[in-house]
Amino acid sequence: GFPTPLVAHARRGGERILLPDRGGRHHALKHVLQELEIAPWDRARMPLLSTADGLLLAAGDRVYSAGFGHWLESQNARLEWIRA
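Being a predicted model, the structure only gives us computed values, none of them experimental.

K.L.:
What's the story with the pairing of strand β4 (residues 48-51) in this structure? I'm lost.
P.N.:
Looking along a regular strand, one sees the side chains alternate between the two faces of the sheet. Burial along β4 is two-sided: Leu48 and Ser50 and Leu49 and Thr51, pointing in opposite directions, are all buried. As paired elements, strand β1 (residues 6-9) and β4 share four bridges and run antiparallel to each other. Considered in β4, the bridge of Ala8 is made with Leu49. The sheet contact formed by β4 and strand β5 (residues 56-59) spans three bridges and is antiparallel. Looking at β5, one finds that Ser50 is bridged to Leu56. A loop of four residues connects β4 with β5, the two strands running antiparallel in sequence, and Gly54 in this loop sits at a positive phi of about 100°.

Structure, rendered in structure tokens:
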């Protein structure tokens, strides 16, 4: 389990995420997903995972925030988005 409650939700627009090795700056999720060449229809359906106070941790199983990625590694865990 996760150390704190998490919230799975749909994209609303305007989300920002802190990525590893990017100078400690938050980046627009929209631009990150475009850089990864994720198809627009997949971006629209991609679930997001956030903390209860709104900090974005993951977009599907393709993008992890710096802290969340490290936590997954330390737990020898992974996040899997099953596309229906």
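K.L.:
Teacher, can you tell me more about the sheet that holds strand β6 (residues 63-64) here?
P.N.:
One key point about sheets: their strands pair by backbone hydrogen bonds, in either a parallel or an antiparallel sense. Ordered by their spatial adjacency, four strands build an open sheet running β1-β4-β5-β6, and the pairing between neighbours is antiparallel. Whereas interior strands pair on both sides, the edge strands pair on one side only; in this sheet they are β1 and β6.

Quick notes on the rules
- Residues numbered from 1 in each chain as written.
- Predicted model: local features only at pLDDT ≥ 70, side-chain atom pairs only at ≥ 80, totals over all residues.
- Heavy atoms only, no water.
- Buried < 20%, exposed > 50% of the residue type's maximum accessible area, 1.4 Å probe, protein only.
- Helix = DSSP H or I, 4+ residues; strand = E, 2+ residues; numbered from the N terminus.
- Pairing = 2+ DSSP bridges.

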